[in-house]
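# Per-entry structural report
Next come the chains, spelled out residue by residue.
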Amino acid sequence: MAFESFRDWVDQLDRAGELRRITQPVATELEITELADREMKQPGGGKALLIEKPTINGVVSPFPVAINTLGSHKRMAMSMGAESVDAVAKELGALMKAKPPTSLRETMRLLSLALDLRHARPKTVRSGPCKDVIHRYDAPSTRTGPWPAAPDWQKGTSPTPPTLADLPILKCWPLDGGRFITLPCVVTRDPDTGDRNLGMYRVQVYDNRTTGMHWQLQKVAARHGRRYYEKGERMPVAIFLGGDPMFPFAATAPMPDGLDEFLLAGYLRKKSIELVKCETNDLEVPANADFVIEGYIDPKEPLRDEGPFGDHTGYYTLPEPYPVFHVTAITHRKDAVYPATIVGIPPMEDFYIGGASVKLFLPIFQMNFPEIVDIALPAEGVFHNLVFVSIKKTYPMQAYKIMHGLWGMGQMMFSKYIVVVDAEVDVHNTSEVLFHLTANTDPQRDSVFTKGPSDVLDHATSEIAIGSKLGIDATKKLPGEGFKRAWPPLIQMDAAVKAKVEQIFGTVR
Ligand SMILES: Cc1cc2nc3c(=O)[nH]c(=O)nc-3n(C[C@H](O)[C@H](O)[C@H](O)COP(=O)(O)O)c2cc1C
């Protein structure tokens, strides 16, 4: 199902009883976080919130804020126009199974073909609602004050000059280094191949015209950036917000480098994405985006400290140097809704976004490792810290093959702890996994330490971006693994007795 704007998506949530409208003024500084955090901590993720009167330094912003719109399994499925994310994953898996791949590269080629099958390829159009209001800041300044002359504004085509300071950008947590755009879709291009990338990298507002650009070391845009630095060429960047909710989802999805996330978004929304060229650079953004912030990064400029920021990890990420982004234009819809999220101590909205990615990419993991039954990233592990995998084990040391295989697959490289369990264990039930983990392991024998790249947000590693990993084999041990004893049966009641008791006592246990 395709949504024509973020407002369209919010209206759909409203009709489905999935939205709470907040009509009182709420400050973008900390108060929206407190409100959203309480909602996100409700069982199942609570409701989406539309803050109709967000205030910036006490003044009501012209743009409402929508938050937690993807923060439940139901809303994630609704955003894809599906009954469940599992159903979407099944369909994608079936498309790819037409011809089983023989290698990881082949899997990626197949994924690209599968996505391409259904309206997925984006098409370029001349204009769109994201350009309802255009403010360019690339002309020479004739105005004193924080903003240079904005030609459209002077011509009267837009009544007010929106600056980053006019957007309801949140200051999320008390020790944050400032305001952060928390749901930005960032478009960059590989200067060598022309391949486009869409990634979600938070954006710290330094002032009206400059921001940080927090693409982490191992991310695709950071690789693009390094090539611009090597070439000494100015790097065009476009940040957009809103439009179809599949855009922010696709921006967070761990698509392989070189595969366009717009293909994934187009596939999921079942409608080709219309792209328009930016006003001040050659990048393209969705015509139906709510806001577009255009600009560039100058490789000649030194990096600048970004942060602190209350992060996914539940801790503040301390300042680290990142590139500086210069704004050359802001364009937006007349009726734009500002999309936001917050991250912090789990569970948060990102748990549902990450969970949907894992479900969607499960068929790809399974194509490379057919023994994998299911994978879960429990909320407590904030994405990569903790991974539970269930497998159909048929030969000795298979659990270790899976751990090492996963550590070698894209962003699974960040996984700190991988626990492998047998097929019948429900990996989405943390209590069940912990029971099998503690019951089925001899700690020294069943664990392996290794080293690798780590998430730069991990404050516990001695050095940034490198660290160790622990894999635990919590599967039933086989004689071929040196296990000499008999493995005892798990306690289970007879099916007939269960049925009889159920009949007599109903659901009472
Ligand atoms: C809410 C949210 C915020 C994120 N912020 C960042 C960020 O600031 N920097 C970053 O490198 N990754 C961030 N991520 C993770 C990336 O979006 C994710 O790794 C994505 O796959 C990167 O795209 P890429 O592989 O095209 O680089 C965030 C994810 C979510 C859900």
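Residues numbered from 1 in each chain as written. Predicted model: local features only at pLDDT ≥ 70, side-chain atom pairs only at ≥ 80, totals over all residues.

A separate point is the nonpolar core. The tendency in soluble globular proteins is for nonpolar side chains to be buried side by side. Counting 129 residues, the largest nonpolar core has Cys185, Val285, Val389 and Val420 as the members making the most contacts within it. Taken domain by domain, the makeup of this core includes at least three residues from each of domain 1 (79-340) and domain 2 (369-481). In contact with Val389, not counting residues within four places along its chain, are Ile372, Ile375, Ile402, Leu406, Ile418, Val420 and Val427. (Core = buried A, V, L, I, M, F, W, Y, C linked by C-beta atoms within 7 Å. Buried ≥ 20, exposed ≤ 12 C-beta atoms within 10 Å, placed from the backbone. Domains from an automatic or database assignment. Contact = placed C-beta atoms within 7 Å.)

Here we take up the environment of Ser84. Its location among the elements puts Ser84 in the loop between α3 (73-79) and α4 (85-96). Along the primary structure Ser84 and Lys74 are separated by ten residues, whereas in three dimensions their C-alpha atoms are 7.1 Å apart. (Helix = DSSP H or I, 4+ residues; strand = E, 2+ residues; numbered from the N terminus.)

Attention now moves to the site of the ligand. In the vicinity of the ligand lie 20 residues, with Gly199, Met200, Arg202, Gln216 and Lys219 positioned nearest. Across the shell around the ligand, the residue classes break down as ten nonpolar, seven polar and three charged. (Near = placed C-beta within 6 Å. Nonpolar A, V, L, I, M, F, W, Y, C, P; charged D, E, K, R; others polar.)

So, on to the sheet that holds strand β13 (residues 274-277). Overall, mixed pairing links the three strands, which are arranged β5-β13-β14 in an open sheet. In this open sheet, the two edge strands, each paired with only one partner strand, are β5 (123-124) and β14 (284-286). (Pairing = 2+ DSSP bridges.)

By the assigned domains, the chain splits into domain 1 (79-340) and domain 2 (369-481). Counting residues at the interface gives eleven residues for domain 1, matched by nine residues for domain 2. Residue composition of the side of domain 1 that touches domain 2, grouped by class: four nonpolar, six polar and one charged.

For helix α1 (residues 6-15), the set of buried residues is Phe6, Trp9, Val10 and Leu13. One side of α1 holds all its buried residues, which, seen down the axis, span an arc of 100 degrees. The secondary structure elements touched by the buried residues of α1 are β1 (19-27), β2 (48-56), β4 (65-67), α3 and β21 (338-340). Residue Gly17 follows α1 closely and has a positive phi angle near 70 degrees. (Arc of directions from axis to C-beta.)

Tracing the backbone through its elements, the reader meets Ile293 in strand β15 (residues 291-297). The buried category is assigned to Ile293, around which 25 C-beta atoms lie within 10 Å. The sequence separation of Ile293 and His332 amounts to 39 residues, and the corresponding C-alpha distance is 8.7 Å.

Taken in spatial order, the five strands line up as β22-β23-β24-β26-β25 in an open sheet, and their pairing is mixed. Edge strands, defined here as strands with exactly one partner in the open sheet, are β22 (372-376) and β25 (447-453). Across the sheet, the axes of successive neighbouring strands diverge by a mean angle of 20 degrees, strand direction being ignored. As paired elements, strand β23 (residues 386-391) and strand β24 (residues 417-422) share six bridges and run parallel to each other. Looking at β24, one finds that Val389 is bridged to Val420. Its contacts with the sheet put helix α11 (residues 398-407) on β22, β23, β24, β25 and β26 (466-473), and the angle it makes with β23 is roughly 135 degrees. Across the sheet, helix α12 (residues 430-440) lies against β23, β24 and β26, angled at about 85 degrees from β24, the strand it touches most. (Axes fitted to C-alpha atoms, helices over the stretch in contact; angles between N-to-C directions.)

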